[in-house]
Amino acid sequence: VVLGPRDTGSTFYSFLRGEGEWDKRDDPANPNKGFRIRAETQATSRRIGADVSLASLRTSESYYIPLSSRLIWSHRSVQSAVRPFDGTEVVPLSQRIFLGGRDSLRGFSRYSVSPRGAQGDVVGGDTSIEYSSEFQYAFTENIRGAIFLDTGVSVLKQTGTFTGDALTLSWRDLRYSPGFGVRYKTPIGPIRLEFGFALDRQFG
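The residue count restarts for each chain, going from 1 along the sequence in the order it is written. The model is predicted, so local features are restricted to residues of pLDDT at least 70 and side-chain atom pairs to those at 80 or more, both for listing and for counting; the totals for chains, interfaces and linings are taken over all residues. Values shown for side chains rest on all heavy atoms present in the structure; no hydrogens or waters enter the calculation.

Chemist: Any chance you could explain the overall build of the chain here in plain terms?
Modeler: Helix and strand definitions follow DSSP, with helices as H or I runs of at least four residues and strands as E runs of at least two, each counted in order from the N terminus. Within the chain one finds 0 helices and 8 strands. Reading the helices (α) and strands (β) of the chain from amino to carboxyl end gives β-β-β-β-β-β-β-β. The principal-axis extents of the C-alpha atoms in the chain amount to approximately 55 × 40 × 25 Å. Note on classification: 1.4 Å probe, protein chains only; a residue is buried when its accessible area is under 20% of the maximum for its type, exposed when over 50%, partly exposed between these limits. Relative to its 204 residues, the chain shows a buried fraction of 40%. Note on contacts: a residue pair is in contact if any heavy atoms of the two residues lie within 4.5 Å. For the chain, the share of sequence-separated contacts (at least 6 apart) that also reach a separation of at least 24 residues comes to 60%. By element, 56% of the accessible surface of the chain is carried by carbon and sulfur atoms, the whole surface being about 11,600 Å². Separation between the mean location of the 26 positive side-chain charges and that of the 22 negative ones in the chain comes to 2 Å. Methods summary: accessible areas were calculated by the Shrake-Rupley approach with a probe of 1.4 Å, and residue burial reflects only the protein chains presented. We score Asp and Glu as negative and Lys and Arg as positive, and we do not count His or the chain ends. To locate a charge, the coordinates of NZ of Lys, CZ of Arg, CG of Asp or CD of Glu are taken.

Chemist: Just to check I follow, could you spell out the pattern of salt bridges for this structure?
Modeler: When the charged atoms of two side chains lie near each other, side chains of opposite charge can form a pair. In what follows, salt bridge is the name for a side-chain nitrogen of Lys or Arg lying within 4 Å of a carboxyl oxygen of Asp or Glu. Scanning all chains against the criterion turns up 19 salt bridges. A salt bridge links Arg38 to Glu21; the shortest N-O distance between them is 2.9 Å. Taken as a pair, Arg38 in strand β2 (residues 34-44) and Glu21 in strand β1 (residues 15-23) lie far apart in primary sequence, 17 residues in all. By relative accessible area, Arg38 is classed as buried at 17%. The structure contains a network of salt bridges with shared partners spanning Glu19, Glu21, Arg36, Arg38, Glu40 and Arg58.

Chemist: Looking at this structure, I do not really get the sheet that holds strand β6 (residues 143-155). What am I missing?
Modeler: Each strand in a sheet pairs with its neighbour through backbone hydrogen bonds, running either in the same direction (parallel) or in the opposite one (antiparallel). The strand order across the open sheet formed by 8 strands is β1-β2-β3-β4-β5-β6-β7-β8, and the pairing between neighbours is antiparallel. Of all the strands in the sheet, the pair left with one neighbour each is β1 and β8 (191-196). Across this sheet, the average inter-strand angle for adjacent strands is 15°, counted without regard to direction. For β6 and strand β7 (residues 175-184), the ladder comprises 10 bridges, and the chain directions are antiparallel. Paired with Ile147 across the strands is Phe180, a residue of β7. Note on pairing: two strands pair once DSSP finds at least 2 bridges between them. All axes here are fitted lines through C-alpha atoms, helices being fitted over the stretch that makes contact, and every angle between N-to-C directions spans 0 to 180 degrees.

Chemist: What should I look at first to understand the packing of aromatic side chains in this one?
Modeler: The geometry of an aromatic ring pair is captured by the separation of the ring centres together with the interplanar angle, meaning the angle of the planes. The rule is short: rings of Phe, Tyr and Trp, with Trp giving its six-membered ring, pair when the centres are within 6.5 Å, and they are stacked under 30 degrees, edge-to-face over 60, tilted in between. Applying the stated rule across the entire model yields 8 aromatic pairs. Aromatic pair Phe98 and Tyr111: ring centres 6.1 Å apart, planes at 55°, arrangement tilted. Taken as a pair, Phe98 in the loop between β4 (71-84) and β5 (127-138) and Tyr111 in the loop between β4 and β5 lie far apart in primary sequence, 13 residues in all. Assessed through its relative accessible area of 21%, Phe98 is described here as partly exposed.

Chemist: Would you take a moment to explain the side chain of Ser112 for this structure?
Modeler: Note that Ser112 resides in the loop between β4 and β5. If near-sequence neighbours (up to four positions away) are discounted, Ser112 is found in contact with Leu99 and Val122.

Chemist: Help me understand the side chain of Arg183 in this model?
Modeler: Looking at where Arg183 falls in the secondary structure, it is placed in strand β7. Residue class for Arg183 comes out buried when judged on its relative accessible area of 10%. For Arg183, the side chain forms a polar contact with the side chain of Glu134, separated by 2.9 Å. Polar contacts here mean pairs of N or O atoms no more than 3.5 Å apart (in protein, one a potential hydrogen donor and the other a potential acceptor; neighbouring residues in sequence count only if both atoms are side-chain atoms).

Chemist: Would you explain the environment of Ser45 in this entry?
Modeler: In this structure, Ser45 sits in the loop between β2 and β3 (54-66). The class of Ser45 is buried, set by a relative accessible area of 10%. Contact partners of Ser45, with chain neighbours within four places excluded, come to Ser14, Ala50, Val52, Ser53, Phe85 and Asp86.

Chemist: Looking at this structure, how should I read the nonpolar core?
Modeler: Soluble, globular proteins show a tendency: their nonpolar side chains are buried together. What we call a nonpolar core is a set of buried Ala, Val, Leu, Ile, Met, Phe, Trp, Tyr and Cys residues that are connected through their side-chain atoms within 4.5 Å. Formed by Tyr13, Val52, Leu54, Val82, Val91, Ile97, Leu99, Leu105, Phe108, Val113 and Ala198, the largest nonpolar core amounts to 11 residues. When residues no more than four places from it in sequence are discounted, the contact partners of Leu105 are Leu99, Gly100, Val113, Asp150, Thr151, Gly152, Arg175 and Ser177. Formed by 5 residues, the second largest nonpolar core is a distinct cluster that contains Leu3, Val123, Phe162 and Ala166.

Laid out in structure tokens, this is it:
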């Protein structure tokens, strides 16, 4: 997983951050309709005392569409990119993008989806796309069932010394994870029990 000089030892960062959000959901904890659009950006630079110079942008969109009094269709997309500048050649390991786990591809282990080296080591990417589509059905006021399909990929644009498959932002390299689950509504958000499945298992 060592792609550049900052993938070993320690690295000091000094981030400037900004974010914006437009939230029209009827209930932020347990939404039934509406949408949420969010953008987050951050930068660190040698000019403000950091060891590296990086800039990143992450945008996300979530929509909740009631199809009947009990059935809701929700979908969410996320786009992320990290770029080095000012003499920094590759994104260090700690700032690279990994997918998998309960908040992205739910059928894959956490941080398991990204380019891999010749020995199967997860390298991480610097660009990613994710999409999730889900149908929720309200059995009672507090209990909902759900079926979903998650898809996404993390790729490397700045490869450094990496000689493996850096992957591409295309349907050919997307990973897919369908699944189902049940949620119990609480005032601070749902308690979730979900099962996801990896359709295209690969080595590692």
